[in-house]
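Spelled out, the chains give:
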Amino acid sequence: MKKLLKSLRGYHQETPPIWLMRQAGRHLPEYLELRKKTETFLEFCYSPELAIEATLQPVKRYDLDAAILFSDILVIPDALGQEVDFVKGKGPKLMPIRKISDIHELHIEKIEDNLIPVFEAIAGVRAKLRSDKTLIGFSGAPWTLACYMVEGGGSKDFERTRIWAKTAPEEFERLIDLLIISISRYLVQKIKYGCDVIQIFDSWASVLDSEGFDKWVITPTSKIIKNVREIYPDFPIIGFPRGAGVNYLRYHAETGVSAVSFDSGVPLTWIRDNIQTNVTVQGNLDNMVLLAGGRQLDEQVSKIHKILGNGPFIFNLGHGVLPKTPISNIERVINILRKKS
Ligand code: 1CP
């Protein structure tokens, strides 16, 4: 069995499987070179040859246990017909959705057709990836996608989205329901084309109160997992409700995820005692510690391995690799975990 799948099936392994969120792109010189081949970022995502190459780059360089398909969570709003643009140095910009009539303008019918280049890239990676390596497909969760779709881009606190969700929940739910169906269909295709595992990124779960977390994170995620597993029973799914704090408890118990990915704020012994007893855990090295390197990095990697390494565990970061991260720091982490010097 592939190493990452073995951990997801609940087995403990002396050396854990290793992959890193946002392992492709940004910090890799070979990506920055490849990125020059298209003008816009979305064009890059929709060019199967380029997406395949970007997906394989970090696996080749670091011999990681998994590849994550090079794409972005915002291909879903794009495929639904919302205007999405990536502005150089500024991040994503979307034509914001602010009222019910804006939701009505989104079109779900062609979602699979519009995303064919993504599925072609999956098939291409599958054909080139070594058979012992896992291919991870991903999606943004409904809440996190709604945050970008309503706000029209990134934000510190996603004020408009939260106000809409609080003041007109029955309206906001229309958007969430549309996203549940879109994401479910998207993930089913990703699996059909060859992904071994799915990760659901809920990067902005942190901005919700506990009630909102139930309604906009747990319930929609549970529905997506149920929809996917109706077609692919027992399919391994990793959930990442970043910044969920104590709500990680209910998330792991109620959504049906096979594994939970932890941000760096959650104490290791709490993860071990409360979550790892029930499901596989993934995480949670601070991406800034990875960037900074030195003795702190070595110590933190060893500490994570010591505390979480006695149960089902996947080594990862608490959030994505930062652009300025030195390659040698990543190599060092892998050497420590695989006990090579
Ligand atoms: O031109 C460029 O290179 C643009 C930079 C870039 C890249 C390389 C963006 C814009 N997205 C990506 C790739 C990407 N995005 C991947 C594949 C790479 C890999 O994993 O190795 C993945 C998994 C994502 C997922 C993603 N995109 C998330 C969820 C994970 C997370 O980091 O929280 C989110 C929130 C996005 C939105 C997004 N896309 C791009 C940016 C700059 C952002 C963040 C905007 C913000 O700060 O709110």
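Look above for the structure.
Residues numbered from 1 in each chain as written. Predicted model: local features only at pLDDT ≥ 70, side-chain atom pairs only at ≥ 80, totals over all residues. Heavy atoms only, no water.

Undergrad: Describe the site of the ligand, naming the residues involved and giving the relevant values.
TA: As a structural note, the neighbourhood of the ligand is formed by 20 residues, with Ala 24, Tyr 31, Asp 72, Tyr 148 and Ser 203 the closest of them. Measuring from an oxygen atom of the ligand, one finds a backbone N or O atom of Gln 23 at 3.0 Å. When isolated, the ligand has an accessible area of 890 Å², and the protein chains bury 83% of it. (Near = heavy atom within 4 Å. Polar contact = N/O pair within 3.5 Å; in protein donor to acceptor, adjacent residues only side chain to side chain. Areas by Shrake-Rupley, 256 points an atom, 1.4 Å probe, with all protein chains shown as cover.)

Undergrad: Give a description of the sheet that holds strand S7 (residues 259-261) that names residues and reports values.
TA: Across a sheet, paired strands are connected by hydrogen bonds in the backbone, their directions being either parallel or antiparallel. The strand order S1-S4-S5-S6-S7-S8-S9 describes an open sheet built from 7 strands, whose pairing is parallel. In this open sheet, the two strands that pair with only one neighbour each are strand S1 (66-68) and strand S9 (313-317). Each strand of the sheet is rotated relative to its neighbour by a mean of 25 degrees, with strand direction disregarded. Here helix H11 (residues 169-192) sits on the sheet and contacts strand S4 (134-140) and strand S5 (197-202); the angle it forms with S4, its principal contact strand, is near 170 degrees. (Pairing = 2+ DSSP bridges. Helix = DSSP H or I, 4+ residues; strand = E, 2+ residues; numbered from the N terminus. Axes fitted to C-alpha atoms, helices over the stretch in contact; angles between N-to-C directions. Contact = heavy atoms within 4.5 Å.)

Undergrad: Give a description of helix H16 (residues 294-308) that names residues and reports values.
TA: Helix length check: H16, at 15 residues, gives a terminal C-alpha distance of 22 Å against a target of 21 Å (1.5 Å per residue), a fit within 8%. Burial in H16 covers these residues: Leu 297, Val 301, Ile 304, His 305, Ile 307 and Leu 308. As for H16, its buried residues are in contact with helix H14 (268-274), strand S8 (280-285), helix H15 (287-292), S9 and helix H17 (327-337). (Expected span 1.5 Å × (residues − 1). Buried < 20%, exposed > 50% of the residue type's maximum accessible area, 1.4 Å probe, protein only.)

Undergrad: Go over H11, please, and point to the residues and values.
TA: End to end, H11 covers 34 Å across 24 residues, agreeing with the expected 34 Å (1.5 Å per residue, within 8%). Where H11 ends, the next residue or the one after it, Gly 194, has phi of about 130 degrees, a positive value.

Undergrad: How would you sum up the nonpolar core? Please name residues and give values.
TA: Of all hydrophobic cores here, the largest spans 125 residues; its most connected members are Trp 143, Phe 172 and Phe 315. No other element matches H11, which puts 11 residues into this core. (Core = buried A, V, L, I, M, F, W, Y, C linked by side-chain atoms within 4.5 Å.)

Undergrad: Tell me about the environment of Phe 213, residues and numbers included.
TA: Among the secondary structure elements, Phe 213 is positioned in helix H12 (residues 210-231). Exposure remark for Phe 213: the relative accessible area of 0% places this residue in the buried category. Note: C-alpha distance between Phe 213 and Trp 143 (70 residues apart in sequence) is 9.2 Å. Setting aside its immediate chain neighbours within four residues, Phe 213 contacts Ala 205, Leu 208, Ile 218, Pro 241, Ala 244, Asn 247, Arg 250 and Tyr 251.

Undergrad: Which residues make up the pattern of salt bridges, and what values go with them?
TA: For the structure on display, the rule yields 18 salt bridges. For Asp 65, the salt bridge goes to Arg 338, with nearest N and O atoms at 3.2 Å. Separated by 273 residues along the polypeptide, Asp 65 in the loop between helix H4 (48-62) and S1 and Arg 338 in the segment after H17 bring together distant segments of the chain. A salt bridge links Lys 99 to Asp 102; the nearest nitrogen and oxygen atoms lie 3.1 Å apart. (Salt bridge = Lys/Arg side-chain N within 4 Å of Asp/Glu carboxyl O.)

Undergrad: Provide a residue-level description of the side chain of Thr 255, including the pertinent values.
TA: Tracing the backbone shows Thr 255 in the loop between helix H13 (248-254) and S7. Of note is the side chain of Thr 255, whose polar atom sits 2.7 Å from the backbone oxygen of Tyr 251. Looking at Thr 255, its side chain comes within polar contact range of the main-chain nitrogen of Val 257, at 3.4 Å.

Undergrad: Can you explain the pairing of strand S2 (residues 84-87)? Please cite residues and give values.
TA: Alternating positions in S2 separate cleanly, Val 84 and Phe 86 being buried on one face and Asp 85 and Val 87 remaining unburied on the opposite face. In this structure, S2 lies alongside strand S3 (residues 91-94), joined through 4 bridges in antiparallel fashion. Note that in S3 the partner of Phe 86 across the bridge is Pro 92. The antiparallel hairpin formed by S2 and S3 contains 3 residues in its connecting segment, where Gly 89 sits at a positive phi of about 75 degrees.

Undergrad: Could you give me a rundown of the packing of aromatic side chains, with the residues and numbers involved?
TA: For the coordinates displayed, the defined rule picks out 18 aromatic pairs. Relative to Trp 204, the ring of Phe 158 lies with its centre 5.0 Å away and its plane at 50 degrees, an arrangement referred to as tilted. One end of the pair, Phe 158, is in the loop between helix H9 (142-151) and helix H10 (159-167); the other, Trp 204, is in the loop between S5 and H12, with 46 residues separating them in the sequence. Taking the centre distance of 6.2 Å and the plane angle of 80 degrees together, the rings of Phe 201 and Phe 240 count as edge-to-face. Note that Phe 201 is positioned in strand S5 and Phe 240 in strand S6 (residues 237-241), a separation of 39 residues in sequence. By the burial criterion, Phe 201 is buried, and Phe 240 matches it. Taken together, the ring pairs connect Tyr 31, Phe 41, Phe 44, Phe 70 and Phe 86 into an aromatic cluster. Sitting over the ring of Phe 138, Lys 190 keeps its end group 4.6 Å from the ring centre. Residue placement shows Lys 215 over the ring face of Trp 216; its charged tip is 5.1 Å from the ring centre. (Phe/Tyr/Trp six-rings, centres within 6.5 Å; stacked < 30°, edge-to-face > 60°. Lys NZ or Arg CZ within 6 Å of the ring centre and 35° of its normal.)

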